[in-house]
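Topology and contacts: notes
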Amino acid sequence: MIVMENVQKAFGDHKVLRGVDLHIEKGTSMVIIGGSGTGKSVTLKCVLGLIQPDAGRILVDGKPAAAGDRDAFLARFGMLFQGAALFDSLPVWQNVAFRLLRGSLKRPQAEAREIAVEKLRRVGLKADVADKFPAELSGGMQKRVGLARAIAAEPEIIFFDEPTTGLDPIMAGVINDLIREIVVEMGATAMTITHDMSSVRAIADKVAMLHDGVIKWTGPVAGMDDSGDPYLDQFIHGRAEGPIEAVR
Amino acid sequence: MTWLSPIGALGRAVLTFLASVGQVAIFAGRALSHVLRPPFYPREFLNALLTIGWLSLPVVGLTAIFTGGALALQIYAGGARFSAEAVVPQIVAIGMVRELGPVLVGLMIAARVTSSIAAEIATMKVTEQIDALVTLSTNPMKYLVAPRVLAALITVPLLVGIGDIIGIAGGFAVAVHSLDFNPATYLINTVNFLETRDVVSSLAKGAAFGLIAALMGCYYGMQSGRGAQGVGRATKGSVEAAAVLILAANFVLTGVFFSI
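These figures come from a predicted structure and were not determined experimentally.

**Some details on the overall build of chain B**
What chain B contains, in helices and strands, is 9 helices and 0 strands. Listing each helix as α and each strand as β along chain B from the N terminus yields α-α-α-α-α-α-α-α-α. Sequence-distant contacts, at least 24 apart, represent 85% of the contacts inside chain B between residues at least 6 apart. Accessible surface, chain B as shown: approximately 12800 Å² in total, 72% of it carbon and sulfur. Averaging the coordinates of the 15 positive side-chain charges in chain B and doing the same for the 11 negative ones gives two points 12 Å apart.

Next comes the structure, spelled out in structure tokens:
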């Protein structure tokens, strides 16, 4: 279970998070929605320790995220980055098996490659992609490789940062379905940030709406359409008029 | 705007400069500590050796041979004014080994390697590859910085040594073919004139310049701002800082080795 209590973060004078409270139960898929620049990525990076919050507590299974063995903590996580963040200098299979080629999870190279090819197959990519370099792949293929890398070490918790940004609707649908299938299949806890409503409906068990640095609404995805929350209503219907300023 | 404004601006500039010096010093300390502590990444290190050392040889060789040749011509022409043309081998040797070899190789490394390291790491930063490394339980200081710093520390002195030899060879070729020097006499004069201290100072300068070049590339890359502009600024800043620090370090090391 991931718990965020009154998490605050400012960059200079700009307060991005003003007190985020969020509970994500084990094995559920939580999607955080909100407009651009509302602090969704910062929230996610605070949990991973990529950004240190100024105040508040983040607990993972009851233990503070910032304390204890950092490697052991990160070994529980997988993450798909917005632009896939593949390492240009490494072939695809070494990107996927990155964690399995070094550190505490190190395996023999042949075994690591075998796992990488299997994970690539799981995300719908053929084995011949394994020896290509990221620059030789399309955006959708890079996202799939990023997804394969995120699940390669079979993590308990997977984070997805804008998984469908920059993809055409068909490829976005493919990625959404893959994420849902993989999360269910692995029994993982998932935290996704997006402003793509089709992703939300495909991926989420629960939804949290982040606006102005706080969680404005949270609840099951089925309750999203009749929440009665004016912020959520405006966001999911894409209206220019409402409590959220269109020009920010 | 008051009459105190310029003083305030000067104070802010000094504070910013001191803060930068402190940050670079902390970064250098961290980088060197990671060079010594496991885990080590041999593949990254070998790749850095190849990129920084082997692939820099052509540019270092060309720079040295032309400089050595030009130096021989200049010394011959200058020496002719007071009938001292015969000192060409000695002055080419001492000029290349003590000063021009290390400084020119250092500056070429700053142009070629520092810029490349800064641009690569900065691009990795803006495309979240550095964050990805962290989430994959890999410390970027160990994986990206330590191998490059160690490789530069080892290869740049070797490049300086090779540059010195090629520079002297350039002077030799010009002296023998254009200035009618006797080849055997030229070589004997060169070897006899050089002292151990000259060679040691040259290699020590190479190590210092290599360290500076790699550290500046890594530091500016890791501090890069967002977008293409951030990468451009990081690259430009790294080369400027490396070049200035190499020249400053050259002055200090020359004082250390040769002050009487």
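**Considerations on the interface of chain A and chain B**
Contacts between chain A and chain B engage 23 residues on the former and 15 residues on the latter. Taken over both partners, the interface formed by chain A and chain B buries close to 1600 Å², and the fraction arising from carbon and sulfur atoms is 57%. On the surface where chain A and chain B come into contact, there are 2 salt bridges. Where A:Lys45 meets B:Glu128, a salt bridge forms, and the shortest distance between an N and an O atom there is 2.9 Å. Applying the counting rule to chain A against chain B returns 5 residue pairs in polar contact (both at pLDDT 80 or more). Of all elements in the fold, only helix H1 (40–48) and helix H2 (70–74) of chain A reach the threshold of two or more residues within the side of chain A that touches chain B. The element contributing the most residues to the side of chain A that touches chain B is H2(A), with 3 residues.

**Some thoughts on the nonpolar core**
A:Leu22 and A:Phe159 are the most contacted members of the largest nonpolar core, which has 80 residues in total. No other element matches helix H6 (residues 140–178) of chain B, which puts 11 residues into this core. Residue contacts for A:Leu22: discarding those within four places in its chain leaves A:Ile2, A:Val3, A:Met4, A:Met30, A:Ile32, A:Ala208 and A:Ile215. Membership of the second largest hydrophobic core comes to 50 residues, among which are A:Leu125, A:Leu147, A:Ile179 and A:Ala190.

**Let's talk about the sheet that holds strand S6 (residues 77–80) of chain A**
Residues and elements named next belong to chain A. Reading across the sheet, the 6 strands line up as S6-S7-S8-S3-S9-S10 and stay open at both edges, with mixed pairing between neighbours. Every other strand in the sheet has two partners, leaving S6 and strand S10 (214–220) as the edge strands with one partner each. Averaged over all adjacent pairs, the angle separating strand axes in this sheet is 15 degrees, with direction ignored. Bridge count for strand S3 (residues 29–33) against strand S9 (residues 206–211) is 4 bridges, and the pairing is parallel. Its bridge partner lying in S9, Met 30 is registered against Lys 206.

**Points about helix H6 (residues 169–186) of chain A**
Residue and element names in this part refer to chain A. Taking 1.5 Å per residue, 18 residues should reach 26 Å; H6 reaches 26 Å between its end C-alpha atoms and fits that length. Buried within H6 we find Ala 172, Ile 175, Asn 176, Leu 178, Ile 179, Ile 182 and Val 183. For H6, the angular spread of the buried residues around the axis is 165 degrees, confining them to a single face. Exposed residues pointing more than 90 degrees away from the buried face of H6 are listed as Pro 169, Ile 170, Val 184 and Glu 185. Here the buried face of H6 lies against helix H4 (109–122), helix H5 (139–151), strand S7 (157–161), strand S8 (189–194) and helix H7 (197–203). If you check the start of H6, you find a side-chain oxygen 3.0 Å away from the backbone N of Ile 170, and it comes from Asp 168. Looking one or two residues beyond H6, the residue adopting positive phi is Gly 187, at roughly 65 degrees.

**Remarks on the environment of A:Asp71**
Locating A:Asp71 in the fold gives a position in helix H2. With relative accessibility at 42%, the residue A:Asp71 sits in the partly exposed group.

**Focus: the layout of surface pockets**
All names here are of chain B. Quantified by volume, the second largest pocket comes out at close to 350 Å³. Ser 20, Val 21, Val 24, Met 216 and Leu 245 are the residues nearest the centre of the second largest pocket, which is lined by 13 residues in total. Contributions of two or more residues to the lining of the second largest pocket are made by helix H1 (5–36), helix H8 (196–222) and helix H9 (227–258). Of the residues in the lining of the second largest pocket, the class split is 12 nonpolar, 1 polar and no charged.

**Let's talk about the packing of aromatic side chains**
Residue and element names in this part refer to chain A. Summed over all chains, the structure comprises 11 aromatic pairs over all chains. Where Phe 73 meets Phe 77, the ring centres are 4.8 Å apart and the plane angle is 50 degrees; that geometry is what we call tilted. Here the two residues Phe 73 and Phe 77 agree in accessibility, since each one is buried. Summarising the aromatic geometry, the rings of Phe 77 and Phe 159 are spaced 5.3 Å apart at their centres and angled 70 degrees between planes, so their arrangement reads as edge-to-face.

**Examining the pairing of strand S2 (residues 14–24) of chain A**
All names here are of chain A. In the sheet, strand S1 (residues 2–11) pairs with S2 via 8 bridges, with the strands oriented antiparallel. Across the sheet, Phe 11 pairs through a bridge with His 14, a residue of S2. Between S1 and S2, which pair antiparallel and follow one another directly, the connecting turn spans 2 residues, one of which, Gly 12, has a positive phi of 65 degrees.

Reading the values: rules and limits
Throughout, residues of each chain are indexed from 1 in the direction in which the sequence is written. Note on labels: chains are lettered from A, ligands numbered from 1, in written order. Note on the predicted model: pLDDT of at least 70 is required for a residue's local features to be given, and 80 or more for side-chain atom pairs to be given and counted; whole-chain, interface and lining totals, by contrast, use all residues. Think of the side-chain values as coming from all heavy atoms in the structure, minus any hydrogens and water. Counting from the N terminus, the helices are DSSP H or I runs at least four residues long and the strands are E runs at least two residues long. Should any heavy atoms of two residues lie within 4.5 Å, those residues are considered in contact. In short, Shrake-Rupley with a 1.4 Å probe defines the accessible areas, and a residue's cover is counted only from the protein chains shown. Only four residue types enter the charge count: Lys and Arg as positive, Asp and Glu as negative, with His and the chain ends excluded. A charged residue contributes its charge at one atom only: NZ of Lys, CZ of Arg, CG of Asp or CD of Glu. By buried area we mean the combined loss of accessible area, with a 1.4 Å probe, across both parts when two parts are placed together. We define a salt bridge as a side-chain nitrogen of Lys or Arg found within 4 Å of a carboxyl oxygen belonging to Asp or Glu. Within 3.5 Å is the distance limit for a polar contact, defined as a pair of N or O atoms, with the added protein rule that one can donate a hydrogen and the other accept it, and that residues adjacent in sequence qualify only through two side-chain atoms. Side-chain atoms within 4.5 Å are what join buried Ala, Val, Leu, Ile, Met, Phe, Trp, Tyr and Cys residues into a set we call a nonpolar core. Classification of residues uses two cut-offs on accessible area relative to the type maximum, computed with a 1.4 Å probe and protein chains only: under 20% is buried, over 50% is exposed, and between them is partly exposed. Should DSSP find at least two bridges between two strands, the strands are regarded as paired. To define axes, lines are fitted to C-alpha atoms, for helices over the stretch in contact only, and angles between the resulting N-to-C directions are given on a 0 to 180 degree scale. To estimate how far a helix should reach, multiply one less than its number of residues by 1.5 Å. Of all possible arcs, the one meant is that of the directions from the helix axis to the C-beta atoms. The definitions used throughout rest on a 1 Å grid laid over the protein atoms alone, on which a cavity is an enclosed set of points accommodating a 1.4 Å probe that cannot get out and a pocket is an open set flanked by protein within 12 Å on both sides along at least five of seven lines; lining residues are those having an atom within 4 Å of a point. Grid points are joined across faces, edges and corners, and a volume is the space filled by probe spheres set on the points. By the convention adopted, Pro, Cys, Tyr, Trp, Phe, Met, Ile, Leu, Val and Ala count as nonpolar, Lys, Arg, Asp and Glu as charged, and the other residues, Gly among them, as polar. Classification of ring pairs rests on two measures: the distance between centres of Phe, Tyr or Trp rings, Trp counted by its six-membered ring, which must be within 6.5 Å, and the angle between planes, read as stacked under 30 degrees, edge-to-face over 60 and tilted in between.

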